[in-house]
Amino acid sequence: MNILVLNCGSSSVRFQLIATDAALIERDSDLCLARGHLERFGPESLVSFRAEGQPAIERTEAVADHRAAIEIILRWIKSLGDIHAVGHRVVHGGERFQQSVRIDEEVLAGIEACAELAPLHNPVNLRGIRAATELLGTDVPQVAVFDTAFHATMPDTSYLYALPLELYQKHHIRRYGFHGTSHRYVAERYQKLKGLSPDAVNIITLHLGNGCSACAIKNGKSFDTSMGFTPLEGLVMGTRCGDIDPSIIEHLVAHADMRPAEIDALLNFDSGLLGVSGLSNDMRTLLDADIEQHNPRARLAIDIFCQRVKKYLGGYIAEMGGADAVIFTGGIGENSPVIRARICKGLECLGLTLDSVRNFELPPNGGEISTPGSSLKCLVIPTNEELMIARDTFLVVENSRAR
Ligand code: ADP
């Protein structure tokens, strides 16, 4: 089955065309037939297409909106084969969507209802779903795969904040967690690599990219995660602050003459690695500035970033009563041996000793980077959210046909 995976951002669409079925999933040999993105909608949008055996296309082109972007994608991939189903990344599923679902009118209304919780993301995801339905017709099934769904198994002690309980009951204020598709993919890869049954997976996954989150996975299920009511909570990120004392907001209103919306933008877009370093949100730039120019603010930003990860690791190991492995994934987690080494430094007290040679000489498909004697293992497993979305889409469509 050829699945078109769509990931709609505020002014971008990323896509992959993936061939998958039960046998391919079993053998881990699903095929990515094409991938690409259309970014910065406007008169000169950036367009990138890649397909196996064809020259890569990189060009600028006028792309008005999500519908126009999807129309261009469909025109381009028509020559590669039919599209049998579409899988959409949807950011927020609230408490209602605890797994991937086939999209119908009721599901659309449900995603719309969750937009209150993710006003920047869900409306954009809905735009992508509506455009794909209009362009492909209702005969091509569409499936929604939610970033929040994997965390639906968290116990109330993990998802409730210590606020008056009425705020949860009336206003749905709780930890939802995000990056669920990535944490789930990595956990499933680990399970397969180690030949374990799903409920024997006890690990901590660290998704470190522009956005960063940690997940405590106990008996194969999300037990706790660092992102909360929104993706702002938890680890230090490219431009997000992660954990701070909430009283800082009131202090800024009273003493820095800032309005809540300005503070929200400050915490989401001007903080994190960028805010501390004053230089960049990009870890590569900061590492270069630290190592080559001895830039003290770049070093400080990296040190705060790594210390926060350690804090969550230690906390999750205590919460879970021990874990078997720590997994690095995401752009930073997969590609930066220096950051992995800085995070793991001193974790011998938890049984984790990094093998410095393996850490630096890792093949692109990842692998184990702890010493053989390490009781807490450490691995790098590249994430693949698009593949997870394609597989879920296939399984949901197959199940709905079987009924
Ligand atoms: P997103 O969360 O937007 O998907 P990615 O997962 O691609 O982002 O991660 C982007 C981050 O990964 C950036 O901070 C980038 O600097 C970092 N990164 C990518 N490659 C390397 C590398 N070789 N060394 C250090 N950081 C890297």
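Every value quoted in this text rests on a predicted model; they were computed, and no experiment measured them.

The next thing to look at is the overall build of the chain. When helices and strands are tallied, the chain shows 16 helices and 14 strands. For the chain, whose C-alpha radius of gyration is 21 Å, the value lies close to the compact-globule estimate of 22 Å for 403 residues. In terms of its C-alpha atoms, the chain occupies a principal-axis envelope of roughly 55 × 55 × 45 Å. Within the chain, the proportion of its 403 residues that are buried is 50%. Counting contacts in the chain only where the partners sit at least 6 residues apart, residues at least 24 apart contribute 62% of the total. A total accessible area of about 19000 Å² is found for the chain, and carbon and sulfur atoms account for 52% of it. A distance of 3 Å separates the average location of the 39 positive side-chain charges in the chain from that of its 50 negative side-chain charges.

A separate point is a nonpolar patch on the surface. A surface patch of nonpolar side chains, amounting to about 260 Å² of accessible area, comprises Ile 244, Ile 248, Ile 249 and Val 253. In this structure, Ile 244 sits in the loop between strand S11 (221-225) and helix H8 (247-255).

Counting buried positions along strand S1 (residues 2-9) gives seven out of eight residues, so the element sits mostly inside the fold. Across eight bridges, the pairing between S1 and strand S2 (residues 12-19) is antiparallel. Bridging from a neighbouring strand, Leu 6 pairs with Phe 15 of S2. The antiparallel pairing of S1 with S2 creates a hairpin that spans two residues between the two strands. As paired strands, S1 and strand S6 (residues 85-90) are joined by four bridges and run parallel to one another. Note on S6: the bridge partner recorded for Leu 4 is Val 86.

Further remarks concern the sheet that holds strand S10 (residues 212-218). The sheet built from six strands is open, its strands ordered S11-S10-S9-S12-S14-S13 with mixed pairing. The sheet terminates laterally at S11 and strand S13 (367-368), the two strands that pair on one side only. The pairing of strand S9 (residues 203-208) with strand S12 (residues 325-329) spans five bridges and is classified as parallel. For Ile 204, the partnering residue across the bridge sits in S12 and is Val 326. Sheet contacts for helix H14 (residues 337-344): S9, S12 and strand S14 (377-380); angle to S12, the most-contacted strand, approximately 150°.

The immediate surroundings of the ligand are formed by 13 residues, with Asn 210, Asp 282, Met 283, Arg 284 and Gly 331 found nearest. The contact in question runs from an oxygen atom of the ligand to an N or O atom on the backbone of Gly 331, over 2.9 Å. Burial of the ligand by the surrounding chains reaches 68%, relative to a free accessible area of 580 Å². Put simply, the parts of the chain that give the shell around the ligand at least two residues each are helix H11 (283-293) and helix H13 (330-335).

Entries for the chain in the domain assignment read domain 1 (2-146) and domain 2 (196-380). Computed from C-alpha atoms alone, the centre-to-centre distance between domain 1 and domain 2 is 28 Å.

Okay, the packing of aromatic side chains next. The geometry of an aromatic ring pair comes down to the distance between the two centres and the angle between the two planes. Taken as a whole and judged by the stated rule, the model has seven aromatic pairs. Taking the centre distance of 5.7 Å and the plane angle of 70° together, the rings of Tyr 312 and Tyr 316 count as edge-to-face. With Tyr 312 and Tyr 316 both in helix H12 (residues 296-320) and four residues apart, this pair spans about one turn of that helix. For the pair Tyr 312 and Tyr 316, a shared accessibility class is recorded, and that class is buried. Taken together through their ring pairs, the aromatic side chains of Phe 15, Phe 49 and Trp 76 make up a single cluster. Across the ring face of Tyr 176, the terminal group of Arg 174 is positioned such that the distance to the ring centre comes to 5.0 Å. It is Lys 218 that lies over the ring of Phe 223; its NZ or CZ is 4.8 Å from the centre.

The rules behind each value
Residues numbered from 1 in each chain as written. Predicted model: local features only at pLDDT ≥ 70, side-chain atom pairs only at ≥ 80, totals over all residues. Heavy atoms only, no water. Helix = DSSP H or I, 4+ residues; strand = E, 2+ residues; numbered from the N terminus. Rg over C-alpha atoms; globule rule 2.2 N^0.38 Å. Buried < 20%, exposed > 50% of the residue type's maximum accessible area, 1.4 Å probe, protein only. Contact = heavy atoms within 4.5 Å. Areas by Shrake-Rupley, 256 points an atom, 1.4 Å probe, with all protein chains shown as cover. Lys, Arg positive; Asp, Glu negative; His and termini not counted. Charge placed at Lys NZ, Arg CZ, Asp CG, Glu CD. Patch = residues over 30% accessible without salt bridge, like charges linked within 9 Å, V, L, I, M, F, W, Y side chains within 5 Å. Salt bridge = Lys/Arg side-chain N within 4 Å of Asp/Glu carboxyl O. Pairing = 2+ DSSP bridges. Axes fitted to C-alpha atoms, helices over the stretch in contact; angles between N-to-C directions. Near = heavy atom within 4 Å. Polar contact = N/O pair within 3.5 Å; in protein donor to acceptor, adjacent residues only side chain to side chain. Domains from an automatic or database assignment. Phe/Tyr/Trp six-rings, centres within 6.5 Å; stacked < 30°, edge-to-face > 60°. Lys NZ or Arg CZ within 6 Å of the ring centre and 35° of its normal.

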